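Architecture at a glance
Each chain, written out:
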Amino acid sequence: DAKTTQPTSMDCAEGRAANLPCNHSTISGNEYVYWYRQIHSQGPQYIIHGLKNNETNEMASLIITEDRKSSTLILPHATLRDTAVYYCIVRSRVPGGYQKVTFGTGTKLQVIP
Amino acid sequence: DAGVIQSPRHEVTEMGQEVTLRCKPISGHDYLFWYRQTMMRGLELLIYFNNNVPIDDSGMPEDRFSAKMPNASFSTLKIQPSEPRDSAVYFCASSLVAGDSYEQYFGPGTRLTVT
């Protein structure tokens, strides 16, 4: 899997958009970008994933640059419950199979009242 | 669905004792994963199963650790004998690999303390 680089920590004011960057400059053409988050004392939670198009679901939006070397996870209206560690992961598509991934250290997002 | 269920949620044991952690994956999922999380090493994949068969156990730290999946709805991770350095939060996760989708769904974890 391609290596990812994320800031160690970020702050965001409650109600504002939280933009979490991820650098994956060595990503290859068949690798997807996945985002998970881990709220304190809970198991990681899947958020969103994408290949090259921007994606949106009920939790967040994922913006992937045209060269796919970086991406941004956007939480449009951050709440205190969004305080968590956010992990950016890239993984290959293995038809009918699974490939091990490394979660890394992630970005600790603190939403401030 | 109740999600991935793990038991116990907390376990405190003395060094040398056997510890068994249990996991019930989401019904219909064909992959099951065991992870360990510590402050020093982060989240580490220990072993994963596909259709109840262990596929990759390269993350299992040593022979004291063993994992089984006797059927599609149950898995165990056993540590025998346990040591203080095994203290960590152990997560079980399950997944249904379908098309391009590889989302893993994690349980609440078991916090293990070995004294």
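Up top you'll find the structure we're talking about.
Note that this is a predicted model, so its numbers are computed, not measured.

Cut-offs used in this document
Residues numbered from 1 in each chain as written. Chains lettered and ligands numbered in written order. Predicted model: local features only at pLDDT ≥ 70, side-chain atom pairs only at ≥ 80, totals over all residues. Heavy atoms only, no water. Helix = DSSP H or I, 4+ residues; strand = E, 2+ residues; numbered from the N terminus. Rg over C-alpha atoms; globule rule 2.2 N^0.38 Å. Buried < 20%, exposed > 50% of the residue type's maximum accessible area, 1.4 Å probe, protein only. Contact = heavy atoms within 4.5 Å. Areas by Shrake-Rupley, 256 points an atom, 1.4 Å probe, with all protein chains shown as cover. Lys, Arg positive; Asp, Glu negative; His and termini not counted. Charge placed at Lys NZ, Arg CZ, Asp CG, Glu CD. Pairing = 2+ DSSP bridges. Disulfide = S-S within 2.5 Å. Salt bridge = Lys/Arg side-chain N within 4 Å of Asp/Glu carboxyl O.

Here we take up the overall build of chain A. On a plain count of helices and strands, chain A comes out with zero helices and nine strands. Going from the N terminus to the C terminus, chain A shows its helices and strands as β-β-β-β-β-β-β-β-β. Over its C-alpha atoms chain A spans a radius of gyration of 14 Å, differing by no more than 12% from the 13 Å that the globule rule assigns to 113 residues. For chain A, with 113 residues in total, the buried portion stands at 45%. A separation of at least 24 residues holds for 58% of the contacts in chain A among residues at least 6 apart in sequence. Here chain A has roughly 5,800 Å² of accessible surface; of this, 50% comes from carbon and sulfur atoms. Charge separation in chain A, taken as the distance between the mean sites of 11 positive and 9 negative side-chain charges, equals 5 Å.

What follows is about the sheet that holds strand β2 (residues 18-23) of chain A. Residue and element names in this part refer to chain A. Ordered in space as β2-β7-β6-β5, the four strands form an open sheet in which the pairing is antiparallel. Of all strands in the sheet, those with a lone pairing partner are β2 and β5 (55-56), marking the two edges. Where strand β6 (residues 61-64) meets strand β7 (residues 70-75), four bridges bridge the pair, whose relative direction is antiparallel. By the bridge assignment for β7, Ser61 is matched with Ile74.

Looking now at the state of the cysteines. With the rule as written, the count across this model stands at two disulfides over all chains. Sulfur-sulfur distance for the disulfide between A:Cys22 and A:Cys88 comes to 2.1 Å. Judged by the sign of its S-S torsion, about -80 degrees, the cystine formed by A:Cys22 and A:Cys88 is left-handed. Placement of A:Cys22 in strand β2 and of A:Cys88 in strand β8 (residues 84-92) is noted, with a sequence separation of 66 residues between them. Residue classification places A:Cys22 among the buried residues on the basis of a relative accessible area of 2%. The exposure class assigned to A:Cys88 is buried, which follows from its relative accessible area of 1%. With its sulfur 1.8 Å from that of its partner, B:Cys23 forms a disulfide with B:Cys92. Here B:Cys23 and B:Cys92 share a disulfide; its torsion about the S-S bond, -65 degrees, makes the bridge left-handed. Here B:Cys23 is found in strand β3 (residues 19-24), whereas its partner B:Cys92 is found in strand β9 (residues 88-95), with 69 residues between them in sequence. B:Cys92 gets classed as buried once you look at its relative accessible area, which sits at 0%. Free of any disulfide, A:Cys12 has its nearest neighbouring cysteine sulfur in A:Cys22, separated by 18 Å. With a relative accessible area of 7%, A:Cys12 lands in the buried category.

Moving on to the pattern of salt bridges. Residues and elements named next belong to chain B. Counted by the stated rule, this structure contains nine salt bridges over all chains. A salt bridge links Glu44 to Arg41, with the nearest nitrogen and oxygen atoms 2.8 Å apart. Note that Arg85 and Glu62 form a salt bridge whose closest N and O atoms lie 3.2 Å from each other. Separated by 23 residues along the polypeptide, Arg85 in the loop between β8 (74-79) and β9 and Glu62 in the loop between β6 (53-56) and β7 (65-71) bring together distant segments of the chain. Given a relative accessible area of 54%, Arg85 falls into the exposed group. Here the salt bridges do not stand alone but share partners, grouping Glu62, Arg64, Glu83, Arg85 and Asp86 into one network.

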